[in-house]
Amino acid sequence: MRVLDFTDHRRELDRNRYVYAVVSRRARGLSIGVNLNPDRVCNFDCPYCQVDRSQPGGPGAEIEVPGLVAELDSLLSLIDAGTLWDVSPFDTAAPELRRVADIAFSGDGEPTTPPAFPAAAEAVRQARDRHRLRVPLRLITNATMFDRPRVREALAFFDELWCKLDAGTAPYFARVDGTRFPFERLLANLTAVARERPIVLQSMFPSFDGEGPEPAEIEAYLGRLQQITFAGGLIAGVQVYTVARRPADPRIAALGPEVLEAIAEGVRRLGLPAEVFGS
C-alpha cells in the first residue's frame, strides 16, 4: 500500500496522466501536482533528480488540456465534499500534514516546455477558482524558458514562482543540473522576472561522492543572489535544501544539516529570508 509522506513523490494517482498528489516538505502539506511531462522529457538532467530518465516515460503526445481539467475536477470534488482524507492514498498522510497546501506545476520535467503550458496554466487556475479552493497556484521551474513570450505571459496565471538556482559558477551549474544551458542566460531570465514580481529561489545542494560544493562555489552562489537584487530583482525567499529521496544517480547523497544551515546563514546576511529543508 502506498503511504503519502516526504519519501515518496511518485506521480501516480488512480489512472491519471497529468494530476497527482504528494506530501511536500517545502509546501508543508499536500501538494496537488500537475505533470505536463509524462514522457519524462526535461531540458535538464539533474543527477539529484528522482526521475530515472534511462527508463521510458508515458506517451509524448500533445497535452490534452480538457483531460487534465477532468482529472483535476475529480480530485477537487473530493475536497469540496470533505471526503479527501477518507480516500486512499490520502488517508495514509500524517494528521499534521492533512492540509491542501497548493496546486503546483512540477512533475517529470520542466513544465514550461510543452506548447500547451499557457493553456494548461489558465485552465488549472480557472478550475481552482471554480472549486473555490483558496490555495496558491505555484510554478516550480528551472526558469530556462522565461525569455519565451508565450511562457512569460503565462506566468501571470501563477500566484508564486519557485525558481531553481543551484549554483554560483557555470561549471558547477553544468554539473549539478546536467545541462549545457548558458548560465548567464539563466541568471538574466531570473533577474528579468524578479524585476517584475517577487520570486522564490529553490536551491538544491547535494553531495557528489561524499563531497559537498566547495566554499568558493557557495561564495559565488551568494554573489549571484546579490547580482539579482542589485539589478532590482525581488527575492521573496530562498529555500536551501538537499535530497530527501533516492536520486537516479547513485553518486548523489544528502548534504548534512550543518552545511545547509551555514549556507542559509550566508543568505540571511544578505538580508534575504532563507529556510532549510534537510533530508
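Residues numbered from 1 in each chain as written. Predicted model: local features only at pLDDT ≥ 70, side-chain atom pairs only at ≥ 80, totals over all residues. Heavy atoms only, no water.

K.L.:
Even after reading the chapter, I still don't get the packing of aromatic side chains, so can you show me in this structure?
P.N.:
One pair of aromatic rings is described through two measures. These are the centre distance and the angle between the planes. Counted by the stated rule, this structure contains six aromatic pairs. Seen in terms of ring centroids, Phe-105 and Phe-117 are 6.1 Å apart; in terms of plane orientation they differ by 85°. Their pairing is edge-to-face. Placement of Phe-105 in strand β3 (residues 100–105) and of Phe-117 in helix α2 (residues 117–130) is noted, with a sequence separation of twelve residues between them. Here Phe-105 matches Phe-117 in class, with each residue buried. When the ring of Phe-205 is compared with that of Tyr-221, the centres are 5.2 Å apart and the planes differ by 85°; the resulting orientation is edge-to-face. Of the two residues, Phe-205 is situated in the loop between β6 (199–204) and β7 (207–208) and Tyr-221 in helix α6 (residues 215–230); the sequence distance between them amounts to 16 residues. Here Phe-205 matches Tyr-221 in class, with each residue buried. Following the ring pairs from residue to residue traces out a cluster consisting of Phe-44, Phe-173 and Phe-183. Over the face of the ring belonging to Tyr-241 we find Arg-26, whose NZ or CZ atom lies 4.2 Å from the ring centre. Here the basic side chain of Arg-175 rests over the ring of Phe-208, its NZ or CZ set 3.9 Å away from the ring centre. (Phe/Tyr/Trp six-rings, centres within 6.5 Å; stacked < 30°, edge-to-face > 60°. Helix = DSSP H or I, 4+ residues; strand = E, 2+ residues; numbered from the N terminus. Buried < 20%, exposed > 50% of the residue type's maximum accessible area, 1.4 Å probe, protein only. Lys NZ or Arg CZ within 6 Å of the ring centre and 35° of its normal.)

K.L.:
For this particular structure, what's the right way to read the pairing of strand β8 (residues 235–241)?
P.N.:
Working note: regular strand, side chains alternate between the two faces of the sheet. β8 sits mainly inside the fold: six of its seven residues count as buried. One ladder, built from four bridges, connects β8 with strand β10 (residues 274–277); its direction is parallel. Across the sheet, the residue bridging to Gln-239 is Glu-275, located in β10. (Pairing = 2+ DSSP bridges.)

K.L.:
I would appreciate a short explanation of the pairing of strand β4 (residues 137–141) in the present structure.
P.N.:
Of all five residues in β4, five are buried; the element is thus mostly enclosed. Where burial is concerned, the two faces of β4 agree: the one with Leu-137, Leu-139 and Thr-141 and the one with Arg-138 and Ile-140 are both buried. Bridge count for β3 against β4 is three bridges, and the pairing is parallel. Following the sheet pairing, Ala-104 is matched in β4 by Arg-138. Viewed along the sheet, the connection from β3 through α2 into β4 turns out right-handed. Relative to strand β5 (residues 160–164), β4 is paired through four bridges, and the arrangement is parallel. Within β5, the position partnered with Thr-141 by the bridge is Cys-163. With respect to chirality, the unit in which β4 leads through helix α3 (residues 149–154) into the neighbouring parallel β5 is right-handed. (Right-handed = clockwise from strand over helix to strand, strands pointing away.)

K.L.:
Help me understand the pattern of salt bridges, please; the structure alone is not making it clear to me.
P.N.:
All told, the structure shown has 14 salt bridges when counted by the stated rule. With a shortest N-O distance of 3.2 Å, Asp-147 and Arg-185 are connected by a salt bridge. A residue pair is termed long-range when its members are at least 10 positions apart, and Asp-147 in the loop between β4 and α3 and Arg-185 in helix α5 (residues 183–194) qualify at 38 residues. Using a relative accessible area of 35% as the deciding quantity, one classes Asp-147 as partly exposed. Among the salt bridges present, the one from Glu-265 reaches Arg-268, with a minimum N-O distance of 2.6 Å. Of this pair, Glu-265 and Arg-268 both sit in helix α7 (residues 257–269), separated by three residues, roughly a single helical turn. Exposure remark for Arg-268: the relative accessible area of 30% places this residue in the partly exposed category. Sharing partners across several salt bridges, the network here consists of Arg-125, Arg-128, Asp-129 and Asp-159. (Salt bridge = Lys/Arg side-chain N within 4 Å of Asp/Glu carboxyl O.)

K.L.:
Explain the side chain of Gln-202 here, please?
P.N.:
Along the chain, Gln-202 falls in strand β6. In terms of polar contacts, Gln-202 uses its side chain to reach the side chain of Arg-26, at 2.8 Å. Apart from residues no more than four positions distant in its own chain, Gln-202 is found in contact with Arg-26, Ile-140, Thr-141, Trp-162, Cys-163, Lys-164, Leu-165, Asp-166, Gln-239 and Tyr-241. (Polar contact = N/O pair within 3.5 Å; in protein donor to acceptor, adjacent residues only side chain to side chain. Contact = heavy atoms within 4.5 Å.)

K.L.:
Hey, could you run me through α5 in this one?
P.N.:
Residues three or four positions apart in an α-helix share a direction because the helix packs 3.6 residues into each turn. The end-to-end C-alpha distance of α5, which contains twelve residues, comes to 17 Å, matching closely the 16 Å that a straight helix rising 1.5 Å per residue would cover. When we look at burial in α5, the residues that qualify are Phe-183, Leu-186, Leu-187, Asn-189, Leu-190, Thr-191, Val-193 and Ala-194. Tucked into the core, α5 has its buried residues touching α3, β5, α4 (170–177), β6 and α6. (Expected span 1.5 Å × (residues − 1).)

K.L.:
Got a minute to help me understand the packing of α6 against α7 in this structure?
P.N.:
The N-to-C vectors of α6 and α7 enclose an angle of 35°; their axes lie 10 Å apart at closest approach. As for the relative orientation of α6 and α7, their crossing is right-handed in sense. Touching Ile-218, Tyr-221, Leu-222 and Leu-225 of α6 are Ile-263, Gly-266 and Val-267, all from α7. Of the residues assigned to the contact of α6 with α7, the class counts are six nonpolar, one polar and no charged. (Axes fitted to C-alpha atoms, helices over the stretch in contact; angles between N-to-C directions. Left-handed = near helix turned anticlockwise from the far one by under 90°. Nonpolar A, V, L, I, M, F, W, Y, C, P; charged D, E, K, R; others polar.)

K.L.:
What am I meant to see in α2 here?
P.N.:
Along its 14 residues, α2 runs 20 Å from first to last C-alpha, staying within 8% of the 20 Å computed at 1.5 Å per residue. Where α2 is concerned, the buried positions are Phe-117, Pro-118, Ala-120, Ala-121, Ala-123, Val-124, Ala-127 and Arg-128. Buried residues belonging to α2 abut β2 (29–34), α1 (65–81), β3, β4 and α3. Of the residues trailing α2, Arg-132 is marked for its positive phi of about 55°.

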